[in-house]
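Residue strings, one per chain:
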Amino acid sequence: MTGGAITGEDGKARCPWGLSAPEYVAYHDTEWGRPVHGDDALFERLCLEAFQSGLSWLTILRKRPAFRTAFAGFAIGKVAAFDENDEARLLADEGIVRNRLKIAATLANAKTLAHWGPGELDELIWSYAPDAAAAPRTLADVPAVTDESKALAKELKRRGVRFVGPTTAYALMQACGLVNDHLADCCAR
């Protein structure tokens, strides 16, 4: 799909992806592209974007409650205290994506971030918010990677954060409102 917004059954025009499932409608209308602040909230989004890599975002949305339970609400300090028993528990948890590398990265990232100062993750991520850009007219106008997402991924990696590349960083920027990629005629814009 490369067209503009599509009008749903409720008469509202949305980004085309935002109409494909009820979970997408809710996520699109109330969360995606809205500013997210707070280290734990951003840690959750960073983790979920990493878990989504290679999968459908709908899979992650549907498993999100189980992810939150499994990872102690994504409280950095709590996840940083997870041990080998917790890792084994996570690998056996059918409610989440049981990818050994992604789970290990999440646990390692929590341990890394636990040593950062309060608000440091928030400050770092938001320091890469680009200047406002013109609203995309079609999905073809929405990039997968930007100079800012490349720089953010590079800095996160330099600071010891794993499983984050430029595409994951840009998806994080979209999800957390650093950029507004709702189409120009979308009701959520």
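Residues numbered from 1 in each chain as written. Predicted model: local features only at pLDDT ≥ 70, side-chain atom pairs only at ≥ 80, totals over all residues. Heavy atoms only, no water.

- As annotated in an unreviewed UniProt entry, the protein chain carries the name DNA-3-methyladenine glycosylase 1 and is attributed to Streptomyces smaragdinus.

**Remarks on the overall build of the protein chain**
Then, in step 1: The secondary structure content of the protein chain amounts to nine helices and two strands.
Then, in step 2: Element order for the protein chain, N to C, with α for helix and β for strand: β-β-α-α-α-α-α-α-α-α-α.
Then, in step 3: Its C-alpha radius of gyration of 17 Å places the protein chain within 12% of the 16 Å reference for a compact globule of 189 residues.
Then, in step 4: A separation of at least 24 residues holds for 67% of the contacts in the protein chain among residues at least 6 apart in sequence.
Then, in step 5: Looking at the protein chain as shown, the accessible area adds up to about 9100 Å², and 52% of this sits on carbon and sulfur atoms.
Then, in step 6: Of the side-chain charges in the protein chain, 22 are positive and 25 negative, and the distance between the mean point of each set is 3 Å. (Helix = DSSP H or I, 4+ residues; strand = E, 2+ residues; numbered from the N terminus. Rg over C-alpha atoms; globule rule 2.2 N^0.38 Å. Contact = heavy atoms within 4.5 Å. Areas by Shrake-Rupley, 256 points an atom, 1.4 Å probe, with all protein chains shown as cover. Lys, Arg positive; Asp, Glu negative; His and termini not counted. Charge placed at Lys NZ, Arg CZ, Asp CG, Glu CD.)

**Re the environment of cysteine 187**
Then, in step 1: By secondary structure assignment, the location of cysteine 187 is in the segment after α9 (166-175).
Then, in step 2: Separated by 144 residues in the primary sequence, cysteine 187 and phenylalanine 43 place their C-alpha atoms 28 Å from one another.
Then, in step 3: Residues in contact with cysteine 187, not counting those within four places in the same chain, are Lys12, Ala13, Arg14 and Asp29.

**Brief notes about the UniProt feature "binding site: Zn(2+)" (unreviewed entry) in the protein chain**
Then, in step 1: In this numbering, the UniProt entry assigns the feature "binding site: Zn(2+)" (unreviewed entry) to Cys15, His28, His182 and Cys186. Spanning 172 residues, the annotated positions come together in the fold, the maximum distance between their C-alpha atoms being 10.1 Å.
Then, in step 2: On the accessibility criterion, histidine 182 (1% relative accessible area) is buried.
Then, in step 3: Contacts of histidine 182, omitting those with residues within four sequence positions, involve Cys15, His28, Trp32, Gly33, Arg34, Pro136, Ala188 and Arg189.
Then, in step 4: Within the structure, histidine 182 has its side chain in polar contact with the backbone oxygen of tryptophan 32 (distance 2.9 Å).
Then, in step 5: Tracing the chain through its elements places cysteine 186 in the segment after α9.
Then, in step 6: Residues contacting cysteine 186, with those up to four places away along its chain left out, are Ala5, Ala13, Arg14, Cys15 and His28. (UniProt positions renumbered as here; feature names shortened; annotations may be inferred. Buried < 20%, exposed > 50% of the residue type's maximum accessible area, 1.4 Å probe, protein only. Polar contact = N/O pair within 3.5 Å; in protein donor to acceptor, adjacent residues only side chain to side chain.)

**Quick notes on the environment of arginine 162**
Then, in step 1: Assignment of secondary structure puts arginine 162 in the loop between α8 (147-158) and α9.
Then, in step 2: In sequence terms arginine 162 and alanine 132 are 30 residues apart; their C-alpha atoms lie 28 Å from each other.
Then, in step 3: Every residue in contact with arginine 162, bar those within four places of it in the chain, is listed here: Ala104, Ala105, Ala108 and Asn109.

**A word on the pattern of salt bridges**
Then, in step 1: What the rule picks out here adds up to 12 salt bridges.
Then, in step 2: One salt bridge connects aspartate 29 with arginine 14, and the closest N-O pair in it is separated by 2.7 Å. Here aspartate 29, found in helix α1 (residues 22-30), pairs with arginine 14, found in strand β2 (residues 13-14); they are 15 residues apart in sequence, far enough to count as distant. By the burial criterion, aspartate 29 is buried, and arginine 14 matches it.
Then, in step 3: Here the salt bridges do not stand alone but share partners, grouping Glu31, Glu44, Arg45, Arg64 and Arg68 into one network. (Salt bridge = Lys/Arg side-chain N within 4 Å of Asp/Glu carboxyl O.)

**Digging into the side chain of threonine 106**
Then, in step 1: One can find threonine 106 in helix α6 (residues 100-113).
Then, in step 2: Accessibility expressed as a relative area gives 3% for threonine 106, which makes it buried.
Then, in step 3: A distance of 2.9 Å separates a polar side-chain atom of threonine 106 from the backbone oxygen of lysine 102.
Then, in step 4: Discounting residues that sit within four places of it in the chain, threonine 106 has contacts with Phe43, Cys47, Phe51, Phe71 and Val79.

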